[in-house]
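Listed below, chain by chain, are the residues.
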Amino acid sequence: QVQLVESGGGLVQPGGSLRLSCAPSGSIFSIPKMDWYRQAPGKQRELVAGISSGGSTNYADSVKGRFTISRDNTKNTVYLQMNSLKPEDTAVYYCHGLLAIRRSDPFRHYWGQGTQVTVSS
């Protein structure tokens, strides 16, 4: 069973930076869309940033100019570079991918297990 595996979370001071990574745990056919979501305590999960296989990106207004999403299609890996972090960025960050494991499979939604990002002094 393929899973999305995230890494890179942790504790950082306000104004600091972190880089998250996410990749499938096994071989897949295609993953045309990859996104990062986050969920803070007591709040709904929200979209942070998304990227297509062609490189088109979209961002939540709250992170524009501070976060950058990118991907390496040769590794099916998506990254989220987070700069100028604020305490309100504290949340569990989830990787999401729309992918097909084999050419004959339909595209399905997959989620990572989540990685904690805490911004605090």
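Look up a bit, the structure's there.
Residues numbered from 1 in each chain as written. Predicted model: local features only at pLDDT ≥ 70, side-chain atom pairs only at ≥ 80, totals over all residues. Heavy atoms only, no water.

A few words on the state of the cysteines. Linking two cysteines covalently through their sulfur atoms gives a disulfide. According to the stated counting rule, one finds 1 disulfide in the structure shown. The disulfide bridge from cysteine 22 ends at cysteine 95, spanning 2.0 Å between sulfur atoms. An S-S torsion of about -80 degrees defines the bridge between cysteine 22 and cysteine 95 as left-handed. On the criterion of sequence distance, the pair formed by cysteine 22 in strand β3 (residues 18–24) and cysteine 95 in strand β9 (residues 91–100) is long-range, its members being 73 residues apart. (Disulfide = S-S within 2.5 Å. Helix = DSSP H or I, 4+ residues; strand = E, 2+ residues; numbered from the N terminus.)

Moving on, we get to the packing of aromatic side chains. Scanning the model with the defined rule gives 1 aromatic pair in all. With a centroid separation of 5.0 Å and 65 degrees between ring planes, the pair formed by tyrosine 37 and tryptophan 111 is classed as edge-to-face. Linking tyrosine 37 in strand β4 (residues 30–39) with tryptophan 111 in strand β10 (residues 108–111), this pair joins segments that are 74 residues apart in sequence. For the cation-ring pair, arginine 19 lies above tyrosine 79, with the distance from its terminal atom to the ring centre recorded as 4.1 Å. (Phe/Tyr/Trp six-rings, centres within 6.5 Å; stacked < 30°, edge-to-face > 60°. Lys NZ or Arg CZ within 6 Å of the ring centre and 35° of its normal.)

Burial along strand β7 (residues 67–72) is one-sided: the residues Phe67, Ile69 and Arg71 are buried and none of Thr68, Ser70 and Asp72 is. Bridge analysis of β7 against strand β8 (residues 77–82) gives 6 bridges, and the strand direction is antiparallel. The residue of β8 that forms the bridge with arginine 71 is valine 78. In textbook terms, the turn of a hairpin is the stretch between consecutive antiparallel strands, and for β7 and β8 this stretch comprises 4 residues, one of which, asparagine 76, has a positive phi near 50 degrees. (Buried < 20%, exposed > 50% of the residue type's maximum accessible area, 1.4 Å probe, protein only. Pairing = 2+ DSSP bridges.)

A separate point is the sheet that holds β7. Adjacent strands of a sheet form backbone hydrogen bonds with each other and so pair up, either parallel or antiparallel. One open sheet holds the 4 strands; their spatial order is β1-β3-β8-β7, and the pairing between them is antiparallel. Lying at the two open borders of the sheet, with one neighbouring strand each, are β1 (4–7) and β7. Along the sheet, successive strands turn relative to each other by an average axial angle of 15 degrees, direction set aside. Where β3 meets β8, 5 bridges bridge the pair, whose relative direction is antiparallel. (Axes fitted to C-alpha atoms, helices over the stretch in contact; angles between N-to-C directions.)

Judged by nonpolar contacts, the single largest core of 29 residues is most densely connected at Trp36, Val48, Phe67, Val78, Leu80, Met82 and Tyr93. Those elements that provide at least two residues to this core are β3, β4, β5 (46–52), β7, β8, β9 and β11 (115–119). Sort the elements by how many residues they give to this core and β9 lands first, with 4 residues. (Core = buried A, V, L, I, M, F, W, Y, C linked by side-chain atoms within 4.5 Å.)

Per the counting criterion, the structure on display carries 6 salt bridges. The residue aspartate 89 makes a salt bridge to arginine 38 at a minimum N-O spacing of 3.0 Å. With aspartate 89 in the loop between β8 and β9 and arginine 38 in strand β4, the pair connects residues that are 51 residues apart, well separated along the chain. Given the relative accessible area of 1%, aspartate 89 is considered buried. Arginine 38 sits in the buried class, given a relative accessible area of 6%. With its nearest N and O atoms 3.1 Å apart, the salt bridge here joins lysine 64 to aspartate 61. One continuous salt-bridge network, built from bridges that share partners, spans Arg38, Glu46, Arg66 and Asp89. (Salt bridge = Lys/Arg side-chain N within 4 Å of Asp/Glu carboxyl O.)

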